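Working through the structure, step by step
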Amino acid sequence: MADDNKPIKYLRYAFGEIVLIMIGILLALQINNWNQNRIKFNESIIHLKSLKSDLEVDTIYFNQQKREAQKQVDNYRIFFKKSYETQNNIEEVTELIDLAYPLTNYLQVQNSTFLEMVNAGKLNDLANEELKSSIVALYRDYEIARVGNRDYNEYTASLMKGLKFNIWKFLPYNRESIFHEKYMFHDNDWKFLNDYSSPNFQQFENMVTQYHGKQIDAIEMFDELKIKASLLIKQINDELNSH
């Protein structure tokens, strides 16, 4: 009878060994999954902190660019007033044209962290779907604003190229490097500024009007992007503080 029970004992022992091995494998898989999730979580925290830092730099940049654009808007408004005053000499003319100087606002944001997250597939590791959507939406808005701003820059630049008089010699960098003597300027270079009905004056006034409108749009753009970036910073802070 004892010998008859040996196969059953062996089967029970073997079954117990199999169960223990399976439990060990499941525990190992569970620990591995936990470790992987922990690694992803830690990486997400690092990326969120880096993204927050990028956005903080962006908000400072937006404020700076807004101030520059507002300064130029103020100059253009002074230009419109002075342009209807009589220009008596080259000094007054250069002062007037300096006020009309075109300011180019190229939108340059900090997007290295976002691109790294997208390219490495790390954006999908974020558990907070609302936060993930907000991040994608902001950088999509950044790109839309960048393209629109670039196109506006190209349009306003084309206006200067189409001028029928030589404004280039009056620009500060050309006066300093090339046209630095009074004899290089002639009455015909600027007398049209005193003829408000002349095609050259009207073309020049239209160009500066477009520059003014561009800076108004830039102020609105930087304001809007700063608000959106600040809201995302708050969302990131809330997410970081919840862990």
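None of these values were measured; they are calculated from a predicted model.

Now for the layout of surface pockets. In this structure, the largest pocket occupies an estimated 270 Å³ of space. Together, 17 residues line the largest pocket, and Pro102, Thr104, Ala157, Met160 and Tyr211 are the ones closest to its centre. Breaking the lining of the largest pocket down by element, the ones donating at least two residues are helix 4 (129–161) and helix 7 (199–241). Among the elements that take part in the lining of the largest pocket, helix 4 stands out by supplying 6 residues, more than any other. In the lining of the largest pocket, the residues fall into 11 nonpolar, 3 polar and 3 charged. A volume near 150 Å³ is recorded for the second largest pocket. If you go around the second largest pocket, you meet 13 residues; those closest to its centre are Phe41, Ser44, Asp125, Ala127 and Glu239. It is helix 1 (residues 2–82) that provides the largest number of residues to the lining of the second largest pocket, a total of 6 residues. By residue class, the composition of the lining of the second largest pocket is 6 nonpolar, 4 polar and 3 charged.

This part covers the packing of aromatic side chains. Taken as a whole and judged by the stated rule, the model has 17 aromatic pairs. Measuring from ring centre to ring centre gives 6.2 Å for Tyr61 and Phe222, while their planes differ by 85°; the resulting arrangement is edge-to-face. In this pair, Tyr61 sits in helix 1 while Phe222 sits in helix 7, placing the two residues 161 residues apart along the sequence. The class of Tyr61 is buried, set by a relative accessible area of 12%. Between the aromatic rings of Phe79 and Phe204, the centroid separation amounts to 5.4 Å while the plane-to-plane angle is 85°, which identifies the pairing as edge-to-face. Taken together, the residues Phe79 in helix 1 and Phe204 in helix 7 connect sequence positions 125 residues apart. Residue classification places Phe204 among the buried residues on the basis of a relative accessible area of 1%. The lysine or arginine in question, Lys169, covers the ring of Phe185, its NZ or CZ lying 5.2 Å from the ring centre.

Our focus in this paragraph is the pattern of salt bridges. Under the criterion given, the structure shown has 12 salt bridges. Of the charged contacts in the structure, one is a salt bridge between Glu43 and Lys122, with a shortest N-O distance of 2.8 Å. Residue Glu43 is found in helix 1, and its partner Lys122 is found in the loop between helix 3 (112–119) and helix 4; the two are separated by 79 residues along the sequence. Note on Lys122: relative accessible area 22%, which makes it partly exposed.

The biggest cluster of nonpolar side chains holds 29 residues, and the ones touching the most others in it are Leu55, Phe62, Leu107, Ile135, Tyr142 and Ile236. Within the residue set of this core, elements represented by two or more residues are helix 1, helix 3, helix 4 and helix 7. Ranked by residue count, the leading element in this core is helix 7, at 10 residues. Non-local contacts of Phe62, meaning those with residues more than four positions away in its chain, are made with Leu107, Val109, Tyr142, Phe222, Leu225, Lys226 and Ala229. Core analysis: the second largest hydrophobic core is formed by 24 residues, Val93, Met160, Leu163 and Phe204 among them.

Reading guide: rules and limits
- Residues numbered from 1 in each chain as written.
- Predicted model: local features only at pLDDT ≥ 70, side-chain atom pairs only at ≥ 80, totals over all residues.
- Heavy atoms only, no water.
- 1 Å grid on protein atoms, 1.4 Å probe; cavity = no way out; pocket = protein on both sides within 12 Å on 5 of 7 lines; lining within 4 Å.
- Points joined across faces, edges and corners; volume = space filled by probe spheres on them.
- Helix = DSSP H or I, 4+ residues; strand = E, 2+ residues; numbered from the N terminus.
- Nonpolar A, V, L, I, M, F, W, Y, C, P; charged D, E, K, R; others polar.
- Phe/Tyr/Trp six-rings, centres within 6.5 Å; stacked < 30°, edge-to-face > 60°.
- Buried < 20%, exposed > 50% of the residue type's maximum accessible area, 1.4 Å probe, protein only.
- Lys NZ or Arg CZ within 6 Å of the ring centre and 35° of its normal.
- Salt bridge = Lys/Arg side-chain N within 4 Å of Asp/Glu carboxyl O.
- Core = buried A, V, L, I, M, F, W, Y, C linked by side-chain atoms within 4.5 Å.
- Contact = heavy atoms within 4.5 Å.

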